[in-house]
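Spelled out, the chains give:
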Amino acid sequence: MLLFLCLGLQHSYSQKYQFKTSGFSVLEKNERGKWGKWSDLKLVNLLVSLDTDKSRIIVYSQAIQLFEIIEYQPTEENDTDIVYSFTCKDNNGDDCTLSIITRKNQGNRKQLYINYNNRIILYNIFNM
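Scope of this entry: the structure provided in the associated data block. Here the structure is a predicted model, which means the values were calculated and not measured.

All chains considered together, the criterion is met by zero disulfides. Here C88 stays unpaired: no disulfide links it, and the sulfur of C96, its closest cysteine neighbor, is 5.2 Å away. Classification of C96 as buried rests on a relative accessible area of 5%.

Written as structure tokens, this is what we have:
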């Protein structure tokens, strides 16, 4: 009964969040499976939408990136960061984890990480 009550309350408080990006960078694994270096930060002005009603995150890049949220992971917080993570499937059906991280010691700067097995895409984001 408690589970149904919690799920019902979560649904009733569903929201939509809009962000803008200011830059992005990519980190990839090499042929030996070791992480390389982050690419140079490139300036980019994109819209990012988190819709908890539809359980999806959309990055409105040239090729729209749609992520279906499979699981809402527990919020993690420590002295430097607040991390909201989501287990997702992208529009190609690939598994990934998206994390929105607030950097407390950096003026509450926000970043979106899209984590795949072999690459990580980072967007610097801010609230609209």
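Positive phi, normally seen in glycine, also occurs at S55, with a value near 50°. By the secondary structure assignment, S55 is in the loop between strand 3 (47-51) and strand 4 (56-59). Residues other than glycine seldom take positive phi values, yet N108 does so here, at roughly 60°. Looking at the element boundaries, N108 is found in the loop between strand 8 (95-103) and strand 9 (109-115). Residue classification places N108 among the partly exposed residues on the basis of a relative accessible area of 46%.

Membership of the largest hydrophobic core comes to 20 residues, with the highest contact counts inside it found for F67, L98, L112, I114 and Y123. Looking at this core, the elements with two or more residues in it are strand 3, strand 4, strand 5 (65-72), strand 7 (81-90), strand 8, strand 9 and strand 10 (119-127). In this structure Y123 touches T21, G23, F24, V44, L46, V59, Q65, K110, Q111, L112 and I114, once residues within four positions along its chain are discounted. Membership of the second largest hydrophobic core comes to six residues, among which are L27, V83, Y113 and I120.

Okay, the environment of L50 next. Inspection of the secondary structure puts L50 in strand 3. C-alpha separation for the pair L50 and I69, spaced 19 residues apart in sequence, amounts to 9.7 Å.

Our next topic: the packing of aromatic side chains. Following the criterion strictly, the structure yields three aromatic pairs and no others. A centroid spacing of 5.9 Å and a plane angle of 35° characterise the contact between F24 and Y123, whose relative ring orientation is tilted. With a gap of 99 residues between them, F24 in strand 1 (residues 16-28) and Y123 in strand 10 connect regions that are remote in the sequence. The exposure class of Y123 is buried, given its relative accessible area of 5%. Consider the rings of Y72 and F86, whose centres lie 5.7 Å apart with planes at 80°: the pair is edge-to-face.

A few words on the environment of R109. Turning to its location among the elements, R109 is positioned in strand 9. The class of R109 is partly exposed, set by a relative accessible area of 33%. Along the sequence, R109 and N127 sit 18 residues apart, while their C-alpha atoms lie 9.8 Å from each other. If near-sequence neighbours (up to four positions away) are discounted, R109 is found in contact with I101, T102, R103 and N124. Side-chain polar atoms of R109 contact the side chain of Q106, separated by 2.5 Å.

The rules behind these values
Residues numbered from 1 in each chain as written. Predicted model: local features only at pLDDT ≥ 70, side-chain atom pairs only at ≥ 80, totals over all residues. Heavy atoms only, no water. Disulfide = S-S within 2.5 Å. Buried < 20%, exposed > 50% of the residue type's maximum accessible area, 1.4 Å probe, protein only. Helix = DSSP H or I, 4+ residues; strand = E, 2+ residues; numbered from the N terminus. Core = buried A, V, L, I, M, F, W, Y, C linked by side-chain atoms within 4.5 Å. Contact = heavy atoms within 4.5 Å. Phe/Tyr/Trp six-rings, centres within 6.5 Å; stacked < 30°, edge-to-face > 60°. Polar contact = N/O pair within 3.5 Å; in protein donor to acceptor, adjacent residues only side chain to side chain.

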